[in-house]
There are 2 protein chains.
Amino acid sequence: MTNIKDLAKMAGVSVTTVSRVLNNHPYVSEEKKNAVLEAVKASNYHKNINAVHLSTGKTSLMGVVLPFSDHPYFGLLLKGIANQALEYNYKLVLFQTDYMESRELEALQMLMQKQIDSLIICSRTCDLSTIKEHLPFAYRDFVKKYNLPYKPDYIMDECYYFEDGEKVIKQIQEMDAPPSALLVTSDQVAAGIVTCCKNRHISIPDELAIIGFDNQPIAKMMNITTVEIPLENMGKNLFLQAVNGDLSNEELPAKLIERGTV
Amino acid sequence: MTNIKDLAKMAGVSVTTVSRVLNNHPYVSEEKKNAVLEAVKASNYHKNINAVHLSTGKTSLMGVVLPFSDHPYFGLLLKGIANQALEYNYKLVLFQTDYMESRELEALQMLMQKQIDSLIICSRTCDLSTIKEHLPFAYRDFVKKYNLPYKPDYIMDECYYFEDGEKVIKQIQEMDAPPSALLVTSDQVAAGIVTCCKNRHISIPDELAIIGFDNQPIAKMMNITTVEIPLENMGKNLFLQAVNGDLSNEELPAKLIERGTV
DNA sequence: TTGTACGCGTTATCAA
DNA sequence: TTGATAACGCGTACAA
């Protein structure tokens, strides 16, 4: 593999001049510039980016931690981040954790080792203190904390996909005092619930009212009342905050889309 | 930031010894080893992985090119790759191309610049020749080529999600000679089609037969006949081939799951 | 078992 | 406008 030293020799200039040309720095004569570009072409030269990283101390790589990307919520969030990353010429390194702490730690590891410049944690299983003690510098937390009372039975975990709708209905039917309404954190799951209810002849919204989440197209098709969340926008904001070190704890508006399941 | 030189000074040994301890190499006395480990702890030391990369010429980073990850087909494929990557201690760099050639080129770029050790291209828009001319070495192509006759009208592109089912039905209903059966390349879309047919009182399979793809849980819930593809396994294989430079052009079995839409 | 010294490929500083 | 040369942090022949 040819390197800038080779190029310098080929073009009859110093490595500094080659570097200047390669990075569009000023103060290079047209003549030498052309000589360098010639050499680049002739040798099929490509920068070794790792050397650049070592020299500059930056990688233009941003980590994103999330449980899975094949879920519409995280998928859209990721999309927002990704688009913004594209604009800033950043690449993303994805950490699909499946809610496993060990994988979250891998991300922290990469951050510490400087393989990524920054890290967006969209979901975490590990303790905040764990994050804290692993980092040599301060981190930012944008999550608002609420202390609302709730009924544990009425909260069902691990519902991410369409097919989980069946599980929910089963669970509800086994309850002594089943809820008469469901706030579902994904339109996909809501759609699954609606489908399952149809199969079992449970009337919606009479017997069971449902509000979805995200205002996905599937909610429109199946006429499901839902909450619109500006996920892509959230992703965009996250990226910007991460890349700039901003602290604009902006609140994004959510909107109720009323349809037929309530 | 402290580096191995600092550690060496702190522990009263040479950088070589520090490196040996850090990489679990043999030929280090317990005494010195402990001294180094002490220093590591005391200084909150972390390797600068970029320096390692430069020195070793490897990054343990593998690129994956795919159009989107929030689609069950690519989602599962990615899952298979990711799990295997985990085992081999590789990290993945995701290139979500949205079928844009420019983004595919970015991936090739990173490969050439040695920021990633290897690249798995799950989908491509660019020409094979483009890939070829961008690479300094040979690449492997595992795609079988078939030359089957087909009717262009009967092929509908850009159907990826549940909601695209509506589009399909609309298009079919506008045809002079609509097909009586659909082979759908995603169970999500198939489910959307089935739902849409229900809404419009189109009888399945009498008026329209449907075969899905992937045997996703949604297909089971909606009783859709489908083809089971070992996607995760495919992903696993892809990773192994990429990491080992294997050429085991293995053919994985697909299986028809007969249900109610045919 | 240990350490010296060099190479990896760039960028940055500073003097010319 | 140019070029020597010193970082950057680590791995590793090679010598001891």
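What counts as what
- Residues numbered from 1 in each chain as written.
- Chains lettered and ligands numbered in written order.
- Predicted model: local features only at pLDDT ≥ 70, side-chain atom pairs only at ≥ 80, totals over all residues.
- Heavy atoms only, no water.
- Least-squares fit on C-alpha atoms with pLDDT ≥ 70 in both.
- Contact = heavy atoms within 4.5 Å.
- Near = heavy atom within 4 Å.
- Polar contact = N/O pair within 3.5 Å; in protein donor to acceptor, adjacent residues only side chain to side chain.
- Helix = DSSP H or I, 4+ residues; strand = E, 2+ residues; numbered from the N terminus.
- 1 Å grid on protein atoms, 1.4 Å probe; cavity = no way out; pocket = protein on both sides within 12 Å on 5 of 7 lines; lining within 4 Å.
- Points joined across faces, edges and corners; volume = space filled by probe spheres on them.
- Core = buried A, V, L, I, M, F, W, Y, C linked by side-chain atoms within 4.5 Å.
- Buried < 20%, exposed > 50% of the residue type's maximum accessible area, 1.4 Å probe, protein only.
- Phe/Tyr/Trp six-rings, centres within 6.5 Å; stacked < 30°, edge-to-face > 60°.
- UniProt positions renumbered as here; feature names shortened; annotations may be inferred.
- Expected span 1.5 Å × (residues − 1).
- Pairing = 2+ DSSP bridges.
- Right-handed = clockwise from strand over helix to strand, strands pointing away.
- pLDDT = per-residue confidence, 0-100.
- Salt bridge = Lys/Arg side-chain N within 4 Å of Asp/Glu carboxyl O.

Here we take up the relation of the copies chain B and chain A. Both copies of the chain are related by a screw-like operation: a rotation about an axis and a shift along it. Expressed as a screw transformation, the operator carrying chain B onto chain A has a rotation angle of 180° and an axial translation of 0.0 Å, and the superposed copies differ by an RMSD of 0.1 Å. What the superposition gives is, in effect, a two-fold axis relating one chain to the other. Taking C-alpha positions as reference, the residue of chain B nearest the rotation axis is Asp-70 of chain B, located at 2.1 Å. Residue by residue, 100% of the interface of chain B is reproduced at the interface of chain A, so both copies engage with the same surface.

With that out of the way, let us pick up the protein's contact with DNA strand C. In the vicinity of DNA strand C, 25 residues are found, and the nearest of them are Ser-19, Tyr-45 and Ser-55 of chain A together with Thr-16 and Ser-29 of chain B. Counting only the atoms of DNA strand C that lie within 4 Å of the protein, the sugar and phosphate share comes to 57%. Taking Thr-16 of chain B, its side chain carries an N or O atom lying 2.6 Å from a base oxygen of DNA strand C. Note that a sugar or linking oxygen of DNA strand C is positioned 3.4 Å from one of the side-chain N or O atoms of Lys-32 of chain B. Going through the elements one at a time, helix 2 (15-22) and helix 4 (49-56) of chain A together with helix 2 (15-22) and helix 4 (49-56) of chain B are the ones with two or more residues in the surface near DNA strand C.

Further remarks concern the protein's contact with DNA strand D. Around DNA strand D, 24 residues are found, and the nearest of them are Thr-16, Thr-17 and Ser-29 of chain A together with Ile-4 and Tyr-45 of chain B. In the interface set of DNA strand D, defined as its atoms within 4 Å of the protein, sugar plus phosphate atoms amount to 62%. Contact between DNA strand D and Arg-20 of chain A: a base oxygen at 2.9 Å from a side-chain N or O atom of the residue. Between a phosphate oxygen of DNA strand D and a side-chain N or O atom of Asn-23 of chain B, the distance comes to 3.3 Å. Taken together, the elements giving at least two residues each to the surface near DNA strand D come down to helix 2 and helix 4 of chain A together with helix 2 and helix 4 of chain B.

Turning our eyes to something else, we now look at empty space enclosed by the protein. By the definition in use, this model includes 3 cavities of 30 Å³ or more. If you add up the space inside the largest cavity, you get close to 50 Å³. Forming the boundary of the largest cavity are Asn-50, His-53, Thr-59, Leu-61 and Gln-115 of chain A together with Asn-50, His-53, Thr-59, Leu-61 and Gln-115 of chain B. Elements represented by at least two residues in the lining of the largest cavity include exactly helix 4 of chain A together with helix 4 of chain B.

With that settled, consider the nonpolar core. With 46 residues, the main nonpolar core has Ile-193 and Ile-210 of chain A together with Ile-193 and Ile-210 of chain B as its most contacted residues. Those elements that place two or more of their residues in this core are helix 8 (164-173), helix 9 (187-199) and helix 10 (217-221) of chain A together with helix 8 (164-173), helix 9 (187-199) and helix 10 (217-221) of chain B. Sequence-distant contacts of Ile-210 of chain B, that is, excluding residues within four places in its chain, are made with Leu-182, Val-184, Ala-190, Ile-193, Val-194, Ile-204, Ile-224, Thr-225, Thr-261 and Val-262 of chain B. Counting 38 residues, the second-largest nonpolar core is a separate cluster that includes Ala-85 and Phe-239 of chain A together with Phe-74 and Leu-231 of chain B.

Another aspect to go through is the packing of aromatic side chains. Residues and elements named next belong to chain A. Here the structure, examined in full by the defined rule, presents 21 aromatic pairs over all chains. Relative to Phe-74, the ring of Tyr-73 lies with its centre 5.0 Å away and its plane at 80°, an arrangement referred to as edge-to-face. Accessibility assignment for this pair places Tyr-73 and Phe-74 in one class, buried. Here a set of aromatic residues connected by ring pairs shows up, and it is made of Phe-68, Tyr-73, Phe-74, Tyr-99, Tyr-160, Tyr-161 and Phe-213.

In the numbering used here, UniProt assigns the "domain: HTH lacI-type" (unreviewed entry) feature to residues 2-56 of chain A. As annotated, residues 2-56 of chain A has a helix share of 69% and a strand share of 0%, and its two end C-alpha atoms lie 21 Å apart.

This part takes up helix 11 (residues 231-244) of chain B. All names here are of chain B. Look at helix 11: 20 Å from first C-alpha to last across 14 residues, which is about the 20 Å you get at 1.5 Å a residue. For helix 11, the set of buried residues is Leu-231, Gly-235, Asn-237, Phe-239, Leu-240 and Gln-241. The inward-facing, buried residues of helix 11 contact strand 1 (61-66), helix 5 (72-87) and strand 3 (118-121). Residue Gly-245 follows helix 11 closely and has a positive phi angle near 70°.

What follows deals with the pairing of strand 1 (residues 61-66) of chain A. Residues and elements named next belong to chain A. With 6 of its 6 residues buried, strand 1 lies for the most part within the structure. Residue alternation in strand 1 divides its side chains into two sets, Leu-61, Gly-63 and Val-65 and Met-62, Val-64 and Leu-66, and both sets are buried. Taken together, the 6 bridges between strand 1 and strand 2 (residues 91-96) define a ladder with parallel strand orientation. If you follow Val-64 over to strand 2, its bridge partner there is Leu-94. Once you follow strand 1 into helix 5 (residues 72-87) and on to strand 2, the crossover reads as right-handed. Bridge analysis of strand 1 against strand 3 (residues 118-121) gives 4 bridges, and the strand direction is parallel. Bridge pairing in strand 3 links Val-64 to Ile-120.

Segments scoring low in pLDDT should not have their predicted coordinates read at a detailed level. Residues of chain A with pLDDT of at least 70 account for 98%, and the chain-wide mean is 89. Across chain A, strand 5 (residues 209-211) of chain A holds the top mean pLDDT of 96, while helix 7 (residues 128-134) of chain A sits lowest at 83.

Here we come to the pattern of salt bridges. All names here are of chain B. The tally for this structure, following the rule as stated, stands at 4 salt bridges over all chains. Residue Asp-164 pairs with Lys-167 through a salt bridge whose shortest N-O separation is 3.7 Å. A residue pair is termed a helical-turn pair when its members lie 3 or 4 positions apart in one helix, as Asp-164 and Lys-167 do in helix 8 at 3 residues. Under the relative-accessibility criterion, Asp-164 is labelled buried at 12%. Judged by its relative accessible area of 34%, Lys-167 falls in the partly exposed class.

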